[in-house]
Structure formats: C-alpha cells, structure tokens
Amino acid sequence: MKRKRKKTTKQIYRRSFLLSFSLSLLALCSIGVFIIRSGKNIFLGNAEPVQGLADVPYPASENSPGISPAKESDCLTVLFMGVKDEESASNTYLLARFDPINERIPIVSLPPQTMVIKPEGDQTPSPLWETYRYGGRSLAVKSLSHTLGIPIDRYVVVDLKGFQQAAQWIGSVQYSLRYALNYQDAERTIRLTQGLQLVDGQKAIDIITYPNYAGGETTRSEITAELAVKIVNDKLELAASPSVDNLFKRIINYIDTDITYKDFETRKASAAYLANRREGSALQLPLDGGWPNAREYHLSQRFLEQIQTYFGTVQQ
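Sequence order as written defines residue numbering, which begins from 1 separately in each chain. The model is predicted, so local features are restricted to residues of pLDDT at least 70 and side-chain atom pairs to those at 80 or more, both for listing and for counting; the totals for chains, interfaces and linings are taken over all residues. For the side-chain quantities, the full set of heavy atoms in the structure was used; hydrogens and water were omitted.

**Some words on the overall build of the chain**
Keep this limit in mind: By definition, any uninterrupted DSSP run of H or I lasting at least four residues is a helix, any uninterrupted run of E lasting at least two residues is a strand, and each is numbered from the N terminus. For the exposure calls, accessible area comes from a 1.4 Å probe over protein chains only, and a residue counts as buried if that area is under 20% of its type's maximum, exposed if over 50%, partly exposed in between. Contacts: residue pairs with any heavy atoms within 4.5 Å of one another.
When helices and strands are counted, the chain shows 8 helices and 14 strands. Considering the chain as a whole, with its 316 residues, one finds that 54% of them fall into the buried category. Put simply, of all contacts in the chain between residues at least 6 apart along the chain, 75% involve residues at least 24 apart.

Following this line, the structure appears as structure tokens:
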C-alpha cells in the first residue's frame with residue numbers, strides 16, 4: 001500500500017539530499033533497510049581509508065549459528081530519492097540493501113547525472129535526474145534497475161520538511177569534517193568548522209548540499225553516502241528499541257514510499273539482530289566511473305560488477 005507524504009511548504013530552499021535520505025534511511029533502519037555512511041570525507045584520488053568503506057569483493061560474513069533469524073526473503077533493496085519539494089526533480093539518489101543473510105547494509109550514492117537506459121522504448125542513455133523528471137519515481141527505479149542489472153524492491157522519496165522532522169525524532173550523530181565548509185548566497189549561509197562535531201538535521205543538509213566540493217558531484221555523492229553510513233551504524237540500535245514501531249509509523253507518514261508495514265514487521269527480528277552486533281553493519285561502496293562532459297557520468301564495468309556482488313542480480 002502506497003503511503004503519501006504530507007504536503008510540504010515550498011518556501012524553503014534546500015535541496016534536501018542526505019537529510020531527507022537519512023530520514024528515509026532511518027525509517028528503513030528501523031525496518032532494517034537502512035543505509036548511510038561513515039563519518040569521514042572521501043576525496044577522489046588521495047582518499048584515506050574510510051570506516052565502513054568496502055573493499056571489493058567483500059566476502060560474505062558467516063551467520064552466527066543458532067542466532068541469526070534472517071531469511072533470504074528478508075533481503076530488500078531500496079532507492080532513496082531526495083527532493084527540494086514535491087514539484088522538483090530528485091537531486092540525490094542513494095541505493096541501499098538490507099542484507100541480514102550476509103550481515104551487512106551496503107550503501108552507494110549516485111550523481112544525478114548518472115547515465116541510465118530505460119527498460120523499454122528509447123534506448124538512448126539519459127541522466128538519472130532527467131529520467132526522474134520525465135517519468136517520475138517509477139521510471140527512475142526501473143531505469144536504474146535495468147542499467148545496474150539488479151532488482152530494486154522499493155522506493156522512498158523524501159523532501160526537506162520530511163527529513164527535518166525525522167531528524168528530530170532520530171537524533172544527532174557525531175561526524176568528522178576534514179575541512180571547513182564556507183558558502184553564502186541569497187538563500188543560505190553555510191559555516192561549518194573542520195573536525196568532529198554534532199550533526200543535526202540542518203548541518204546534515206548543509207554538508208550534503210554544499211556546492212563547492214573540489215571533486216564536484218562525485219565527491220558530494222560520496223560524502224552523502226558516507227554520512228548515511230554513519231547515521232545507520234550509529235542509529236541502527238533503534239531497530240531493537242521498544243519504540244521502533246511508533247518511530248516507523250511516524251516517519252512513514254512524512255515520506256512517499258511503497259514500503260509497507262508488513263515489510264517492516266517481517267524484518268524487525270533481522271534488523272534487531274544486526275543492531276546487536278558490535279561492528280557496524282552499514283558499509284560504503286565507492287563510486288567508479290567517468291565524466292566525458294559536465295552533464296554525463298558513466299559508471300564503469302567494474303562498478304557494475306561490484307554492485308551486482310553486493311545487491312544481487314535480476315533473475316531472468
């Protein structure tokens with residue numbers, strides 16, 4: 001059953017990326033379908049190792065005998081799409097998979113310029129954001145699934161207002177910025193210092209929407225997923241909390257999604273099991289691709305193979 005988010009106020013600027021995304025994530029975190037990254041920046045070329053960053057191929061971990069309640073049917077892949085408001089195209093795309101069988105939640109964020117191919121009709125590649133604008137969330141999901149060769153089971157679309165409300169319910173996380181972020185225009189001012197700080201909803205929006213990262217959209221996407229992993233690993237314990245049912249019901253009313261209460265209910269045990277593990281379950285998959293021009297980002301064959309390793313392949 002599809003649940004509609006509440007109407008949003010159009011006055012606020014933000015592009016509501018990760019925040020929105022985090023919110024959804026958290027919703028899924030409760031459901032066990034969370035996805036977000038660790039608290040360190042990734043810079044293309046000379047990046048230091050990031051906590052939660054996956055080495056490919058990542059070996060499937062062995063389930064603890066007699067402990068894990070996970071079933072193959074518990075696995076679920078969700079595409080999170082962050083929008084400014086309900087009339088805007090999505091600028092943020094985060095793919096996450098709840099995989100209790102392998103005790104992990106792989107997460108990757110894709111630039112909106114990622115080139116995808118529609119499963120039917122015109123086979124000319126087009127940017128993901130353009131596909132969303134043309135055919136909405138449904139075509140975006142189908143085209144990305146077709147391009148990556150993986151099943152995408154559910155979608156979540158979140159706007160700024162929804163994310164901010166969810167962030168309030170979920171709470172802040174500690175996140176380490178590698179350098180200061182300074183930016184100002186007619187609509188907003190971003191002033192964040194370098195180093196460890198407590199990140200709430202507003203700071204998360206600033207980090208995710210910061211327009212001047214040295215690596216452009218590639219770096220912004222990496223940082224979005226990075227922060228998502230951090231949120232998931234820090235907040236996954238909510239899945240084992242007595243308040244998880246109420247939290248899920250609250251959040252689900254602030255987002256547009258085809259996730260159902262049944263999806264949530266049937267995965268609570270697996271999510272709680274992951275929440276009780278000592279090490280973080282969420283991990284970041286690094287991007288790999290190229291920019292032939294400023295409008296197009298092409299994923300590499302290596303990246304496609306990595307995604308299929310972690311997310312599975314479409315059954316023929």
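**As for the nonpolar core**
The following threshold applies: Remark: nonpolar core denotes a set of buried residues (Ala, Val, Leu, Ile, Met, Phe, Trp, Tyr, Cys) joined through side-chain atoms within 4.5 Å.
Grouped together as the largest cluster of nonpolar side chains are 28 residues, with contacts concentrated most on Leu79, Met81, Leu95, Val108, Leu148, Phe303 and Ile307. Looking at this core, the elements that each hand over two or more residues are strand E1 (76-82), strand E2 (92-98), strand E3 (105-110), helix H2 (128-148), strand E6 (154-158), strand E14 (296-299) and helix H8 (301-311). No other element matches H2, which puts 6 residues into this core. Beyond its immediate stretch of four places on either side in the chain, phenylalanine 303 contacts Val108, Leu110, Leu148, Pro286, Leu287 and Asp288.

**Looking at helix H4 (residues 201-209)**
An α-helical segment advances 3.6 residues per turn. Residues three or four places apart therefore align on the same side. What counts, and what does not: We define a polar contact as two N or O atoms separated by no more than 3.5 Å, with the added condition that, inside protein, one atom must be a possible hydrogen donor and the other a possible acceptor, whereas residues neighbouring each other in sequence contribute only through side-chain atom pairs.
Taken across its 9 residues, H4 has 7 buried, putting it largely inside the fold. Considered for burial, the residues of H4 that qualify are Gly201, Ala204, Ile205, Asp206, Ile207, Ile208 and Thr209. With a side-chain oxygen positioned 3.3 Å from the backbone nitrogen of glutamine 202, the residue opening H4 is aspartate 200.

**Topic: the pattern of salt bridges**
Threshold: A pairing counts as a salt bridge when a side-chain nitrogen of Lys or Arg comes within 4 Å of a carboxyl oxygen of Asp or Glu.
The tally for this structure, following the rule as stated, stands at 9 salt bridges. The partner of arginine 137 in a salt bridge is aspartate 256, and the shortest N-O contact between them spans 2.3 Å. Highlighted residues: arginine 137 in helix H2 and aspartate 256 in strand E11 (residues 256-257), separated in sequence by 119 residues. We note a salt bridge from glutamate 217 to arginine 220, for which the minimum N-O separation is 2.9 Å.

**Some details on helix H7 (residues 261-275)**
Note the following rule: Multiply 1.5 Å by the residue count of a helix minus one, and that product is the helix's expected span. Two axes enter the definition of the bend at a residue: one is fitted to the seven residues ending there, the other to the seven starting there, and the bend is the angle between them.
An ideal rise of 1.5 Å per residue puts 21 Å on 15 residues; H7 measures up with 19 Å between its terminal C-alpha atoms. At lysine 268, H7 shows its maximal bend, which comes to roughly 50°. Turning to H7, its buried residues number three or more, namely Asp263, Phe264, Arg267, Lys268, Ser270, Ala271, Ala272, Tyr273, Leu274 and Ala275.

**Considering the sheet that holds E1**
Two orientations exist for strands paired in a sheet by backbone hydrogen bonds: parallel and antiparallel. Here is the rule we go by: Strand pairing follows a simple DSSP-based rule, namely that at least 2 bridges must link the two strands. Helix axes are fitted to C-alpha atoms over the stretch in contact, other axes to C-alpha atoms as well, and angles between N-to-C directions run from 0 to 180 degrees.
Pairing is mixed across the open sheet formed by 6 strands, whose spatial order is E11-E6-E1-E2-E3-E12. Bordering the open sheet on either side are E11 and strand E12 (282-284), each of which pairs with just one other strand. When E3 meets E12, the two strands line up parallel, connected through 3 bridges. Residue isoleucine 105 lies in a different strand from E12, and its bridge partner there is alanine 282. Packing against the sheet, helix H5 (residues 216-235) makes contact with E2, E3 and E12, and its axis sits at approximately 150° to E3. The sheet strands contacting H7 are E1, E2, E3 and E6, and the helix crosses E2 at an angle near 75°.

**What about the packing of H4 against H5?**
Counted only if it meets this: Each angle receives one of four descriptions, namely roughly parallel if under 35 degrees, roughly antiparallel if over 145, roughly perpendicular if within 65 to 115, and oblique otherwise. Each residue is assigned to one class: nonpolar for Ala, Val, Leu, Ile, Met, Phe, Trp, Tyr, Cys and Pro, charged for Asp, Glu, Lys and Arg, and polar for all the others, Gly among them.
H5 packs onto H4 with a crossing angle of 150° between their chain directions and a minimal axis gap of 8 Å. It follows from the interaxial angle that H4 and H5 lie roughly antiparallel. Of the residues in H5, those touching H4 at Ala204, Ile207 and Ile208 are Arg220, Ile223, Thr224 and Leu227. Taken together, the residues of the contact of H4 with H5 sort by class into 5 nonpolar, 1 polar and 1 charged.

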